[in-house]
Amino acid sequence: MDTDSSGSRRITETTARSWSLPCAAATTLRYADKRTCSSSAASSMSTSTRPASASNAVRSARSVIDVHLHPAMVLRGRHPVTGQDELSAMFSVGRLGARFAPPRCGGGDNLAVMADTVSDPVETVLKELAGWAEQAERTGRRLGGDADEARLLLDLLRDYLGIGLADLAEGDLGELLLEIYPRKITVLKADDVDGVIPTARALLTFCRDTGRLSTSKATRLEAELEEIEPRFADAVMNPANWGMARSLTQAMSADGIDFSDQAAVDRWISEYNGGLSALGTSGAGAITPYDEDEELDLAEAFGLPDRLPPLRLPEDGELAEAARASVLLDRARQLSDWVGGEREIIDGYDLAPSDVTEATAALGIDADELAYVWHFADHADFLSFHETYVTTGPTTENWPSAADDEVLDIWHGALSAALSCGLLVDVDANDPAARTLDFDGAGVAIVMALFLARSEGIPAAELHTMIRDGVTAEASPDLAGEGWRAWTEEHGDPARMLLGRLRDLGAVEHHPPTEKSVPEGTEGSDDEVVRLTPLATRALLIQLEEAGVDVPILPPVQEMTAADLIAVAEGGIEHEVDTEMTAWLELRGAEAAADELLATAAAGGAADRLFATVLATRIGAAAEPQWREALGGLPLRPYAKVALAELVEAESSDAPADLEPTPEDLAWLLTDAIAATCRALESEEVADQLREALPPGERPQELLDVMWRLPHPDVAEVLTLAGDHHPDKKVAKAARKAAFKAASRASATR
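Residues numbered from 1 in each chain as written. Predicted model: local features only at pLDDT ≥ 70, side-chain atom pairs only at ≥ 80, totals over all residues. Heavy atoms only, no water.

**Q** Mind laying out the overall build of the protein, listing which residues take part and the relevant values?
**A** Along its length, the protein carries 30 helices and 13 strands. Classification of the 750 residues of the protein by burial places 51% in the buried group. For the protein, restricting intrachain contacts to residue pairs at least 6 apart in sequence, the fraction spanning at least 24 positions comes to 74%. With an accessible surface of roughly 32800 Å², the protein has 49% of that area assigned to carbon and sulfur atoms. (Helix = DSSP H or I, 4+ residues; strand = E, 2+ residues; numbered from the N terminus. Buried < 20%, exposed > 50% of the residue type's maximum accessible area, 1.4 Å probe, protein only. Contact = heavy atoms within 4.5 Å. Areas by Shrake-Rupley, 256 points an atom, 1.4 Å probe, with all protein chains shown as cover.)

**Q** Could you give an account of helix H6 (residues 215–237), naming the residues involved and the relevant values?
**A** Relative to the 33 Å expected for 23 residues at 1.5 Å per residue, H6 spans 33 Å between its end C-alpha atoms, a close match to the ideal helical length. Maximum bend of H6: about 50 degrees, positioned at Arg231. (Expected span 1.5 Å × (residues − 1). Bend = angle between axes of the 7 residues up to and from the residue.)

**Q** Which residues make up helix H12 (residues 353–363), and what values do they have?
**A** Taken residue by residue, H12 has Asp355, Ala359, Thr360 and Leu363 as its buried positions. Down the axis of H12, the smallest arc covering the buried residues is 135 degrees, so these residues share one side. Exposed and facing more than 90 degrees away from the buried side of H12 are Pro353, Ser354, Thr357 and Ala361. Those residues of H12 that are buried lie in contact with helix H11 (327–339), strand E7 (343–346), strand E8 (350–351) and helix H13 (367–379). In the segment just after H12, Gly364 is the residue with positive phi, at about 70 degrees. (Arc of directions from axis to C-beta.)

**Q** So what about the nonpolar core? Which residues, and what values?
**A** Residues Leu335, Trp374, Phe376, Trp411, Leu415, Phe451 and Leu505 are the most contacted members of the largest nonpolar core, which totals 80 residues. With 10 residues, the top contributor of residues to this core is helix H14 (residues 404–421). Not counting residues up to four positions away in its chain, the partners in contact with Trp374 are Leu335, Val339, Ile345, Tyr349, Leu351, Leu383, Phe385 and Val390. Formed by 41 residues, the second largest nonpolar core is a distinct cluster that contains Trp132, Leu153, Tyr181 and Leu225. (Core = buried A, V, L, I, M, F, W, Y, C linked by side-chain atoms within 4.5 Å.)

**Q** Quick rundown of the sheet that holds strand E12 (residues 508–511)? Include the residues and the values.
**A** Here 3 strands make up an open sheet; going across it, the order is E11-E13-E12 and the pairing antiparallel. In the strand order of this sheet, the two ends are held by strand E11 (458–459) and E12, each with one partner. Pairing between E12 and strand E13 (residues 529–532): 4 bridges, direction antiparallel. Paired with His511 across the strands is Val529, a residue of E13. Across the sheet, helix H15 (residues 442–453) is in contact with E11, E12 and E13; its angle to E13 comes to roughly 90 degrees. (Pairing = 2+ DSSP bridges. Axes fitted to C-alpha atoms, helices over the stretch in contact; angles between N-to-C directions.)

**Q** Just give me the short version of the confidence of the model for the protein, but keep the residues and values in it.
**A** Here the protein averages 75 in pLDDT, while 74% of its residues score no lower than 70. No element of the protein has a lower mean pLDDT than strand E4 (residues 89–93), which averages 19, and none a higher one than helix H10 (residues 316–324), which averages 96. The low-confidence segment residues 1–120, where pLDDT is below 50, has 406 contacts with residues more than four positions distant or belonging to other chains. Across residues 517–525, where pLDDT falls below 50, the model places 7 contacts with residues more than four positions away in sequence or in other chains. (pLDDT = per-residue confidence, 0-100.)

**Q** Describe unusual backbone geometry, with residues and values.
**A** Cis rather than trans, the peptide bond between Trp399 and Pro400 has omega equal to 0 degrees. As for its position among the elements, Pro400 is in the loop between strand E10 (389–392) and H14. Residues Leu634 and Pro635 are joined by a peptide bond in cis, for which omega reads 10 degrees. Considering the arrangement of structural elements, one finds Pro635 in the loop between helix H24 (624–630) and helix H25 (637–649). Despite not being glycine, Asp347 shows a phi value in the positive range, around 55 degrees. Secondary-structure assignment places Asp347 in the loop between E7 and E8. Classification of Asp347 by relative accessible area gives exposed; the value is 68%. Its identity is not glycine, yet Asp381 carries a phi of approximately 65 degrees, on the positive side. Relative to the helices and strands, Asp381 is located in the loop between H13 and strand E9 (383–385).

**Q** Talk me through a negative patch on the surface; I want residue IDs and the actual numbers.
**A** Side chains of Glu315, Asp316, Glu318, Glu397, Asp405, Glu406 and Asp409 sit close together on the surface and give a patch of like negative charge. Among the secondary structure elements, those contributing two or more residues to the negative patch are H10 and H14. It is H14 that contributes the most residues to the negative patch, 3 residues altogether. Position of Glu318 relative to the elements: it lies in helix H10. (Patch = residues over 30% accessible without salt bridge, like charges linked within 9 Å, V, L, I, M, F, W, Y side chains within 5 Å. Salt bridge = Lys/Arg side-chain N within 4 Å of Asp/Glu carboxyl O. Lys, Arg positive; Asp, Glu negative; His and termini not counted. Charge placed at Lys NZ, Arg CZ, Asp CG, Glu CD.)

Laid out in structure tokens, this is it:
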């Protein structure tokens, strides 16, 4: 960002790059070896989109790493001679990462001189904004603000509100400028933010001129900005609004630390460590080691619902035995044993060359693998670092002999450590290829994708593509291709490296390709299917539940209810449904199973009925008596007619007339189907579903006339949905009329 004549600076807070939830309360501030982190000074994130693409998955993963594992700080700076961003120092608070680069020097850019890159949507907007500003200046319009400020505001909108300029709504500017900006941007002097409001005002004018916002909406937002302006500087400088990372930099600034002076930063860190016991006290200026404001909503970051389908996991004893068999944890323990009481280190972290040779021989691995195990053992607390030496860490004495619950906790922390290290330990900040690739978050994206894939897994080739697309997402196509080729020639395939390390930990397992996973005409080991192990599934399940996402664990088969089986069916993985249904039927018996499923269907909502009746049809002819009984009336009569007709047709070509669905039956089935499927869809998907369910013509209007008369609890909502979203105007109009009649009927019967 800009610096004024006095050299004051603003520091942009971005994300820590580690997955270390079990270590969230770690409170040691120490220097982090540069090889453990990417050389990128900042990267963009997405905190609100489902990871439908590889790059989105990695960006979502970065946001998980960011907020849940504490914030990091980046001084966005430009070298006064080269004009290039540089990295001058890194440090971490336990697992809390922080990075600094020199400040920008010289005068501020204006809106007409922006970088001409279009590698992401923000850059696209910036390029258009530059052209608009240049044209405005040529016509004599004076614009406030500057380019850096515009980029920063757009980044914050994307990364923390998950929106672009065209999505701005009333209230968003207040959240951006009075909450997010003060928490995420360190400002050393109040007048450093003088350009923020003018830049925001220029962005609103740009949106009005380019049609991104209507004139009326832009006017309302400008009025909101006017109300914010007198409060903005005070909000930015109020310590109550700061995040942890900003609190740290403000403390350094208050002590007169020059952020470009590496030695001064290191001394401050050392002194901070010495006074660490005072953290969290009520004394003035105390810094708490954990910023609750930085909690991340995992459901939002990965586009997850509040509840995911249930999982079946082995007993804890079986999981603990699998954990004890981890190759990577065994190596970490061997390395810790080799270190012994005290082992001298260089520059506060590294082994001497002679010790590297000795350690590789002792562990039977090469120097590159030793570097990874060294960092992994550090993050997993098998090693304990001091100023001039390293000793065994606290985990060593408990591994692998601890009780099962402690072993599982250690393994969970080890997964966090493995994802913290990921591929970053292999990245050399001086390697030109490393500067075009961003491996931050790649491991988290992979394990989350595998968790969501469940027992189906993901082909190794697809994971390779996901990593490649993700780590090159921030570079132009030419630089991305060149950087990827250079990196893989030097280090090998990063996907293979990452999956190999996760396999050594016991987090993933490889399976032979299935018919579904192998594209026609392909062969080879890359077609293997990768799945999370039950150990890793358990760890991710804990992560998600801590974030408020409910992931039920299935009870033993003998204790399962029909509702449990329906929940499995809602997950949509066929072989999981087959496995659970087969075991459940074997214990229940066909008659009891059909009774329980149809009773649950009758008592439940639309989704329960859909899944329960589908499961009941799998029982076959043995469920016929239960289906016959269900013909007595709603809500199961329509499903019973369909099921019995299929049973009859299996024996003869014609179904009896009494099994022919009536218009009321069809209307009920349609209402159930729309109620069960459309609530969780985006508006475009809802429109597509409604087009299929109610195609234009006379028939839909006849059905709508029957639907509003139904005693269905969801009918008014379904008709309103059709009225709002059906793409055919005539059908939508008829649905709105029917919705009004249904609502009036419901009011009259209360």
